[in-house]
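# Fold and contact review
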Amino acid sequence: MSNQAGLLAVFAALADETRFAIVTRLLRDGELPVGAIAAPFSVTPPAISRHLRVLETAGLVERRIDRQRRMIRVRPSALDAVASWLEMQPQDTMT
């Protein structure tokens with residue numbers, strides 16, 4: 001996936017209010033089990049699973065199995081594409 005495609009995938013995933021809230025919470029609280037992620041939302045568990053799948057496909061989160069629990073966390077390098085994009089300096093075209 002190119003840098004631009006990765007950046008677009010991240011923005012597309014974060015464009016949804018629920019997914020944005022999930023990532024915000026994971027950034028604030030760290031790794032959480034799926035049940036704890038789902039608790040504050042008034043959507044069905046399958047809907048939360050779909051949201052998590054979109055975030056995982058975009059490379060924003062990763063999951064691991066801890067005995068009976070599915071733990072979700074933000075990937076350490078997940079927002080690198082956004083940070084790089086924000087740090088872009090305008091090119092001097094007046095040379």
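Structure first, text after, so check above.
Residue positions within a chain follow its written sequence, with the count starting from 1. Local features in a predicted model are, by the rule used here, given only for residues with pLDDT of at least 70; side-chain atom pairs are given and counted only at 80 or more, and totals for whole chains, interfaces and linings are based on all residues. Hydrogens and water are ignored here; the side-chain numbers use all heavy atoms of the structure.

A word on the overall build of the chain. Only DSSP runs of H or I with at least four residues qualify as helices, and only runs of E with at least two residues qualify as strands; both kinds are numbered from the N terminus onward. The number of helices and strands found in the chain is five helices and three strands. Taken from N to C terminus, the helices and strands of the chain fall in the order α-α-β-α-α-β-β-α. Since a compact globule built from 95 residues should have a radius of gyration of about 12 Å, the 16 Å found for the chain marks it as more spread out than a globular shape. The classification of residues rests on relative accessible area computed with a 1.4 Å probe and restricted to protein chains. Under 20% of the type maximum is buried, over 50% is exposed, and intermediate values are partly exposed. A burial count over the chain gives 31% of its 95 residues as buried. In what follows, residue pairs with any heavy atoms lying within 4.5 Å of each other are defined as contacts. Excluding contacts between residues fewer than 6 apart, the proportion of contacts in the chain whose partners are at least 24 apart in sequence is 50%. As displayed, the chain has an accessible area near 6600 Å², and 55% of this comes from carbon and sulfur atoms. The positive count covers Lys and Arg only, the negative count covers Asp and Glu only, and His and the chain ends enter neither. Each charge is placed at NZ for Lys, CZ for Arg, CG for Asp and CD for Glu. For the chain, the separation between the mean place of its 12 positive charges and that of its 10 negative charges on side chains is 12 Å. Using C-alpha atoms as the atom set, the radius of gyration is obtained and then compared with a globule rule of 2.2 Å times the number of residues to the power 0.38. Each accessible area is a Shrake-Rupley result for a 1.4 Å probe, and residues are judged covered by the shown protein chains and nothing else.

Working rule for helices: expected span equals 1.5 Å times residues minus one. Between its first and last C-alpha atoms helix H1 (residues 3-14) spans 17 Å; for twelve residues at 1.5 Å apiece the expected length is 16 Å, and the two agree. What H1 keeps buried is the set Gly6, Leu7, Val10, Ala13 and Leu14. Seen from one end, H1 has its buried residues packed into an arc of 130°, which puts them on one side. Those residues of H1 that are exposed and aimed more than 90 degrees away from the buried face are Gln4 and Leu8. Note that the arc is computed from the directions linking the helix axis to the C-beta atoms.

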